[in-house]
Each structure stands twice: as C-alpha cells, then as structure tokens.
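Geometric and topological summary
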Amino acid sequence: MRRAAVALLASFACAHALRTPPPLEKIAPAPEAGAPELLARADEAWSGRADLARAETAEQLYLQAARADRRNAAAYAGAVRAKAFRIGREKDGGKRGTIAADAVAVGQLCEQNAAPSALCDYWLAAALGLQARERSATGHDALPHMVDLLHRAAAADPAVDRGGPHRVLAILLLRAPGWPMGPGDAEAALPEAQAAARIDPGYPPNQLALGEALRKNGHAEEARAAYAEALRLASADSDPDAASWADEARAAIR
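Values in this document were obtained by computation on a predicted structure and should not be read as measured data.

What follows deals with the overall build of the protein chain. If you tally the helices and strands in the protein chain, you get 12 helices and 0 strands. Helices (α) and strands (β) of the protein chain occur, in sequence order from the N terminus, as α-α-α-α-α-α-α-α-α-α-α-α. The C-alpha atoms of the protein chain give a radius of gyration of 17 Å, which matches the 18 Å a tight globule of 254 residues would have. Seen through its principal axes, the protein chain has C-alpha atoms that stretch 55 × 40 × 35 Å. Expressed as a percentage of the 254 residues in the protein chain, the buried residues total 50%.

Shown next, in the form of structure tokens:
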C-alpha cells in the first residue's frame, strides 16, 4: 500500500479533502452473515488478490462486515485497503478518482463508528493520500489531516500495515512541499523511516522509504544499501506489488 499513501502535490488549488460521508447503508451491501464469518471470507478472498476479481470480492465482504458490526475497525480498514489495490490497477483516471473518494468516505465512517482506532486513523490518512493523487486540488487541505492522523496512528499502534504510520509519514514529509506551503521536512522524515524499518525490516516498502530518507539527508552509501536490501527482499516476495517495489529499487540504485 506504499503508492496508495504517498500522494503528493503538484497543484495547490484548494478543494476540501473531507466531505460528509454517505450513510453506511448507501455504500455497503446488506450483510449475508455475521461479522466474524464475513471477515474470514474477506481475508480469504484478499489472500488471492493477484486476481483482481478476488480483491473486489474482498472489498464487498469487508463492507458487509462493517455494516454487520459498525464498531469493527478491521472491516473498514480492509475495505479501504482493497480500494487502494484496485486504484493501482485501474487505467481510467475518472474511475480512480471515484474509488479514492469512496475510500475517504469509508475511512470517515470508520472514524465515526469505530474510533479511537489506529486502523481508522491510518487508513483514512492513506485514503486521503489516494484522493490527493487522483484529485490534486484536495491535496493542500489533505496534508495537515494526514499528518495528524499518522501521528495518532503511530502513537497508538505503530505496527499497523507493517510499520505503515511511520513509513507513510516519512514519505509525506519527504515529498510534500516545505514551509510555508506544507509540512515537508526531509530531516524529520529520517527518524520516521528508521522507525518503520525497525518495526519490520523485511518489508520492502520500509527499506524503500528508508533509502529515500537517507538519500535526501546526504547519506548516499547507506541509502544505496537500503535500496539494495529492498531489491533483494522484493525479488523474493510473492506479494502482487513486489515487481513494482523491485522496479522502484532498481531505479533508485541507478
């Protein structure tokens, strides 16, 4: 979910990143079973997400689980994660923007119904990043929300998404515009990237974030080592995104 969470801004036209979400009944199918069974079925479908149809099935099952148990943060989080996966494979820009806006709505419903939860905070931040990438006018408004949400998630449960709160915050700080236009700060990004790599050193996106942070802070040799480690890990990983991680590492090493 790295690319989903690294939306950064080339445009500063202002549009609201957060709007009133629709009722859960408008976006989630009626549940076919209880929340535990639906979550188990969703997780099983998600495990086969290399087939995009399985990812779409997982998304619908996660939404059903959220409707069956409105306080279950994992259900909303799973739905946002599945939407992020779909966006990465959708060629139509208009459809990507719609899915991203839907992901933000699901993240907001998570905050409304299941908070306080690091899962809700982290995946709403990720959804705002997706939306900013697809609809850049929302980016300026999204950035402070993302920073706050990621700090909260990191404080509550830094292990979410394999170190995701620290990783995504590092990337945001590395790529966002700096003061006074935004929160960008390469120096502050480095300890965030290091924290993510400590939490899960075997996850290629954490090594990619660490490499970028080291490079932008003038540590070229350490950065190259982190990128080489990311490439080694990605080359042996069965995740559907592993090839793109490996490509990113190769490009950085070059």
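The structure having been displayed, the exposition proceeds.
Glancing now at the nonpolar core. The biggest cluster of nonpolar side chains holds 71 residues, and the ones touching the most others in it are Tyr-76, Leu-128 and Leu-172. With 9 residues, helix H6 (residues 118-134) is the single largest residue contributor to this core. Setting aside its immediate chain neighbours within four residues, Tyr-76 contacts Leu-24, Ala-66, Arg-70, Val-106, Leu-109, Cys-110, Asn-113 and Ala-114.

Tracing the chain through its elements places Leu-169 in helix H8 (residues 164-175). Ignoring anything within four residues of it in the chain, the contact list for Leu-169 reads Val-147, Leu-150, His-151, Gly-164 and Glu-192.

Another aspect to go through is the side chain of Asn-206. Looking at the secondary structure, you find Asn-206 in helix H10 (residues 204-216). Relative accessible area serves as the criterion here: at 0%, Asn-206 is assigned to the buried category. Beyond its immediate sequence surroundings of up to four residues, Asn-206 is in contact with Arg-162, Arg-167, Ala-196, Ala-197 and Asp-200.

With that settled, consider the state of the cysteines. Linking two cysteines covalently through their sulfur atoms gives a disulfide. One pass over the structure, following the stated rule, counts 1 disulfide. One disulfide bridge connects Cys-110 with Cys-120, the sulfur atoms lying 2.0 Å from each other. Judged by the torsion about the S-S bond (-65°), the Cys-110/Cys-120 disulfide is left-handed. Here Cys-110, found in helix H5 (residues 93-114), pairs with Cys-120, found in helix H6; they are 10 residues apart in sequence, far enough to count as distant. Of the two residues, Cys-110 and Cys-120, both sit in the buried class.

Each neighbour pair has its own omega, and for Ala-115 with Pro-116 the value is 0°, a cis peptide bond. Relative to the helices and strands, Pro-116 is located in the loop between H5 and H6. Cis rather than trans, the peptide bond between Trp-179 and Pro-180 has omega equal to 5°. Among the secondary structure elements, Pro-180 is positioned in the loop between H8 and helix H9 (186-199). We note that Arg-162 has phi near 60°; this positive angle belongs to a residue other than glycine. Among the secondary structure elements, Arg-162 is positioned in the loop between helix H7 (139-156) and H8.

Residue pairs three or four apart in sequence face the same way in an α-helix, which turns once every 3.6 residues. For helix H3 (residues 52-68), which comprises 17 residues, the first-to-last C-alpha distance of 24 Å matches the rise-based estimate of 24 Å (1.5 Å per residue) to within 8%. Among the residues of H3, those classed as buried are Ala-55, Ala-58, Glu-59, Leu-61, Tyr-62, Leu-63, Gln-64, Ala-65 and Ala-66. Taken together, the buried residues of H3 touch helix H1 (24-27), helix H2 (35-47), helix H4 (73-87) and H5.

This paragraph deals with the confidence of the model for the protein chain. Looking at the protein chain, the pLDDT average stands at 94 and 95% of residues meet or exceed 70. Overall, residues 4-12 carries pLDDT values under 50, and its contacts beyond four positions in sequence, including any with other chains, amount to 28 contacts.

So, about the environment of Arg-224. Position of Arg-224 relative to the elements: it lies in helix H11 (residues 220-235). On the basis of relative accessibility, which here comes to 45%, the residue Arg-224 falls in the partly exposed class. Between the alpha carbons of Arg-224 and Tyr-203 there is a distance of 16 Å; along the sequence they are 21 residues apart. Here the side chain of Arg-224 touches Ile-253 through a polar contact of 3.2 Å, landing on its backbone oxygen.

What counts, and where the lines are drawn
- Residues numbered from 1 in each chain as written.
- Predicted model: local features only at pLDDT ≥ 70, side-chain atom pairs only at ≥ 80, totals over all residues.
- Heavy atoms only, no water.
- Helix = DSSP H or I, 4+ residues; strand = E, 2+ residues; numbered from the N terminus.
- Rg over C-alpha atoms; globule rule 2.2 N^0.38 Å.
- Buried < 20%, exposed > 50% of the residue type's maximum accessible area, 1.4 Å probe, protein only.
- Core = buried A, V, L, I, M, F, W, Y, C linked by side-chain atoms within 4.5 Å.
- Contact = heavy atoms within 4.5 Å.
- Disulfide = S-S within 2.5 Å.
- Expected span 1.5 Å × (residues − 1).
- pLDDT = per-residue confidence, 0-100.
- Polar contact = N/O pair within 3.5 Å; in protein donor to acceptor, adjacent residues only side chain to side chain.

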